Amino acid sequence: MKVHVDMEVCAGFGVCLGLCPEVFELHDDGYAIVLVGEVPPELEETVRKAVSQCPSTAISLSDDSR
Ligand code: SF4
């Protein structure tokens, strides 16, 4: 599973970083960036939670495991 943050939409609330600092980091310019190419399986559930709790719905997932 891959995760993507739309930096045009992200408002830097930091919810995702609080939930999953292993995957998300706040860029100096005030939006979140993704630190990993592939989300480790043990973090997938946490990342899904971040997707659903992001106030800007800036986070999207893609599943390329097919
Ligand atoms: S929770 Fe959403 S708006 Fe907040 S920093 Fe993360 S991606 Fe950006």
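Numbering of residues starts from 1 in each chain and follows the order in which that chain's sequence is written. Only residues with pLDDT of at least 70 are given local features in this predicted model, and only at 80 or more are side-chain atom pairs given and counted; all residues enter the totals for whole chains, interfaces and linings. Excluded from the side-chain calculation are hydrogens and water; included are all heavy atoms of the structure.

Caption draft 1: Examining the environment of G18 more closely. Each helix is a run of H or I in the DSSP string that is no shorter than four residues. Each strand is a run of E no shorter than two, and both are numbered from the N terminus. Position of G18 among the secondary structure elements: in helix 1 (residues 15–19). Between the alpha carbons of G18 and A50 there is a distance of 8.9 Å; along the sequence they are 32 residues apart.

Caption draft 2: Representation of unusual backbone geometry within the structure. Backbone geometry at T57 places phi at a positive 45°, although glycine is not the residue there. With a 1.4 Å probe rolled over the protein chains alone, any residue whose accessible area is under 20% of its type maximum counts as buried; one over 50% counts as exposed, and the rest are partly exposed. Using a relative accessible area of 64% as the deciding quantity, one classes T57 as exposed.

Caption draft 3: Looking closely at the environment of T57. Note on placement: T57 falls in the loop between helix 2 (44–53) and strand 4 (59–62). Distance in space between the C-alpha atoms of T57 and C10 is 7.7 Å, their sequence separation being 47 residues.

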